[in-house]
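An overview of the molecular structure
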Amino acid sequence: MTKTVDSIPPQEPAAVCNRAWEALLPARASYLSDVSPHYDEVLWEIAQRTERADSLGKSDIAALVVWKRLSAQTRWVSQLMSLPETQVRAVTARAVTAVRDSTLSRSEAARAGRAIVWELPGFRSGDALASAVLTAAAPTRMAVYDRRVQHALNTLGLTLTRAPGRYGRYMQLLGDLLDHRQRHADDWTARDIDTALFWIGKDSSAR
């Protein structure tokens, strides 16, 4: 396993991952039991449109803002909506290409995609919306990050700091967990882990 800077502790990484999986497996089951199967329809519809268009437009981003329950009453929303659709799609097309690039590791692709969407208003701080966009671009490879996920990582003893490049390090951490997945998680993706983390962190601030 490639060691992760400030995420999986270097001492006995397999043991650390095993302890994490002991929490992730029941959390994922609880998520599937308690959360409506229709909740993620917006994400999957946008992922399907992105698969066809190889980019996301302003309406796709707006839908993800609602899906993530983010505030639209902020200055960046007006700035983003004031950009030409062609400009937004040109930027997101590059990000889509980056996160789908199989010559890059999961974390490298995440870092590349995150750096590209930084060019758009609303993507220059925090990773919640950016991670949603990148997950819609590569739903079997990327995963969503938010405050609940961060809370869950802290609970599990998996350190992820706010230092630059956080999303890339987050995806490296999930990659490390997948490398040490347990038998009952053979078919899990990074997105499955993020939903389990979301459930573990449900007692923190709302998603």
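Residues numbered from 1 in each chain as written. Predicted model: local features only at pLDDT ≥ 70, side-chain atom pairs only at ≥ 80, totals over all residues. Heavy atoms only, no water.

Here we look at the confidence of the model for the chain
- On average, residues of the chain carry a pLDDT of 91, and 92% of them reach 70 or more.
- Scored below 50 in pLDDT, residues 1-5 shows 13 contacts in the model against residues more than four places distant or in partner chains. (pLDDT = per-residue confidence, 0-100. Contact = heavy atoms within 4.5 Å.)

Concerning unusual backbone geometry
- One non-glycine residue, Asp54, adopts positive backbone phi at about 60°.
- By the element assignment, Asp54 lies in the loop between α2 (41-53) and α3 (58-67).
- At Arg69, a position not held by glycine, the phi torsion is positive, near 55°. (Helix = DSSP H or I, 4+ residues; strand = E, 2+ residues; numbered from the N terminus.)

Quick notes on the packing of helix α6 (residues 106-117) against helix α9 (residues 166-179)
- Following both chains from N to C, one finds α6 and α9 inclined at 155°, their axes separated by 8 Å at the closest point. Classified by the interaxial angle, the pair formed by α6 and α9 is roughly antiparallel. Note on packing geometry: the crossing formed by α6 with α9 is right-handed. Of the residues in α9, those touching α6 at Arg106, Ser107, Ala110, Arg111 and Arg114 are Tyr167, Gly168, Met171, Gln172, Gly175 and Leu178.
- Here the contact of α6 with α9 is composed, by residue class, of four nonpolar, four polar and three charged. (Axes fitted to C-alpha atoms, helices over the stretch in contact; angles between N-to-C directions. Parallel < 35°, antiparallel > 145°, perpendicular 65-115°, else oblique. Left-handed = near helix turned anticlockwise from the far one by under 90°. Nonpolar A, V, L, I, M, F, W, Y, C, P; charged D, E, K, R; others polar.)

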